[in-house]
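Coordinate analysis (summary)
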Amino acid sequence: MNILNVENLSFSYAGCDKRIFNQVSFAADEGEILLICGGTASGKTTLLKCLKPELSPYGQISGKIMFMGNNIENVSSNLTTAVIGYVMQRPENQTVTHKVKNELAFCGENIGLSDAEIKRQIAETAAYFGLEALLEQETATLSGGQRQLLNLAAVLTVKPKLILLDEPTSQLDPVAAGNFIGTLQRITNELGITVIIAEHRF
């Protein structure tokens, strides 16, 4: 099943004539991993943010983004907030609460899930990612790899269809990076979630 279809997408920031990217087209199917590879300042982050309306930068955009068969401009923000997840490059910039369990509750609280639903999703997600022993731990004490895994887990609590990741391994050591990529492969294979990764290293 096609999740995302991007057609001739171009973007330039407000007040700037230079296009950050020009005539980009690609498609992503359910459970697929796509890699957007390019050098620093090549527009990877801007492209990812254009795919999530809540983060879309201010500027001139042309082309079409179809999400689950609908023009993304016509999809409600209540839906895209939940079903399109985003993981930042720096783990510490995405963590917003002091404890692991609170971080796992954050996305569900934002979209108005009931307390019972949030508790169930925390339990399911913690079990899936092996985070049960860390639920009461302070997020500031986690390693970089643990914090990035937590960011991914937090996004997954609301069962997204698509996850966008902006250089998610750039701050991780090789072992943690390998484990993180392995986790991404697992969630695409087992949960059918589509993953798009922006990286400068192939």
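Structure shown above.
Rules and cut-offs
Residues numbered from 1 in each chain as written. Predicted model: local features only at pLDDT ≥ 70, side-chain atom pairs only at ≥ 80, totals over all residues. Heavy atoms only, no water. Salt bridge = Lys/Arg side-chain N within 4 Å of Asp/Glu carboxyl O. Helix = DSSP H or I, 4+ residues; strand = E, 2+ residues; numbered from the N terminus. Buried < 20%, exposed > 50% of the residue type's maximum accessible area, 1.4 Å probe, protein only. Phe/Tyr/Trp six-rings, centres within 6.5 Å; stacked < 30°, edge-to-face > 60°. Lys NZ or Arg CZ within 6 Å of the ring centre and 35° of its normal. Axes fitted to C-alpha atoms, helices over the stretch in contact; angles between N-to-C directions. Parallel < 35°, antiparallel > 145°, perpendicular 65-115°, else oblique. Left-handed = near helix turned anticlockwise from the far one by under 90°. Contact = heavy atoms within 4.5 Å. Nonpolar A, V, L, I, M, F, W, Y, C, P; charged D, E, K, R; others polar. Core = buried A, V, L, I, M, F, W, Y, C linked by side-chain atoms within 4.5 Å. Expected span 1.5 Å × (residues − 1). Arc of directions from axis to C-beta.

**Some details on the pattern of salt bridges**
Pairing between side chains becomes possible if they bear opposite charge and their charged atoms approach one another. Enumeration over the complete set of coordinates arrives at eight salt bridges. For E167, the salt bridge identified is with K44, shortest N-O distance 3.4 Å. You can see E167 sitting in the loop between β7 (162–166) and α7 (174–191) and its partner K44 sitting in helix α1 (residues 44–50), a full 123 residues away along the chain. For the pair E167 and K44, one class covers both residues: buried. Across the pair K159 and E124 runs a salt bridge whose closest N-O atoms are separated by 3.5 Å. Linking K159 in the loop between α6 (144–156) and β7 with E124 in helix α5 (residues 115–129), this pair joins segments that are 35 residues apart in sequence. For E124, a relative accessible area of 38% gives the class partly exposed. Residues joined in a network through salt bridges with shared partners are K99, K101 and E136.

**Focus on the packing of aromatic side chains**
Tallying each qualifying case throughout the model produces three aromatic pairs. With a centroid separation of 6.3 Å and 25 degrees between ring planes, the pair formed by F11 and F21 is classed as stacked. A residue pair is termed long-range when its members are at least 10 positions apart, and F11 in strand β1 (residues 2–13) and F21 in strand β2 (residues 21–29) qualify at 10 residues. With respect to burial, F11 and F21 carry one shared label: buried. Directly above the ring of Y128 sits R186, whose terminal nitrogen or CZ lies 3.9 Å from the centroid.

**Some remarks on the packing of helix α4 (residues 100–110) against α5**
Following both chains from N to C, one finds α4 and α5 inclined at 130 degrees, their axes separated by 9 Å at the closest point. Classified by the angle between their axes, α4 and α5 sit oblique to one another. Helix-helix and strand crossings are classified by hand; for α4 and α5 the assignment is right-handed. On α5, the residues that touch K101, L104, A105, G108 and E109 of α4 are I118, I122, T125 and A126. Residues belonging to the contact of α4 with α5 are distributed by class as follows: five nonpolar, two polar and two charged.

**Remarks on the nonpolar core**
A general feature of soluble globular proteins is that nonpolar side chains tend to end up buried together. Membership of the largest hydrophobic core comes to 30 residues, with the highest contact counts inside it found for F129, L152, I163 and I187. For this core, the secondary-structure elements that each account for two or more residues are α4, α5, α6, β7, α7 and β8 (194–199). With seven residues, the single largest contributor to this core is α6. Apart from residues no more than four positions distant in its own chain, F129 is found in contact with L149, L152, A153, L156, T183 and I187. One finds I3, L34, L48 and I196 within the second-largest nonpolar core, a separate group that totals 25 residues.

**Side note on α7**
Compared with an ideal rise of 1.5 Å per residue, which puts 18 residues at 26 Å, α7 spans 25 Å between its outermost C-alpha atoms and is within 8% of the ideal. All buried positions along α7 are accounted for by A176, A177, F180, T183, L184, I187 and T188. Along the long axis of α7, the arc covered by the buried residues comes to 130 degrees, so they all point the same way. Away from its buried face, by an angle of more than 90 degrees, α7 presents the exposed residues P174, V175, N179 and N189. For α7, the secondary structure elements touched by its buried residues are β3 (33–37), α5, α6, β7 and β8.

**What about unusual backbone geometry?**
In this structure, A41 takes a positive phi of about 65 degrees despite not being glycine. Within the fold, A41 resides in the loop between β3 and α1. For A41, a relative accessible area of 81% puts it in the exposed group. Located in the positive-phi region is K159, a residue other than glycine, with phi close to 55 degrees. Given the relative accessible area of 48%, K159 is considered partly exposed.

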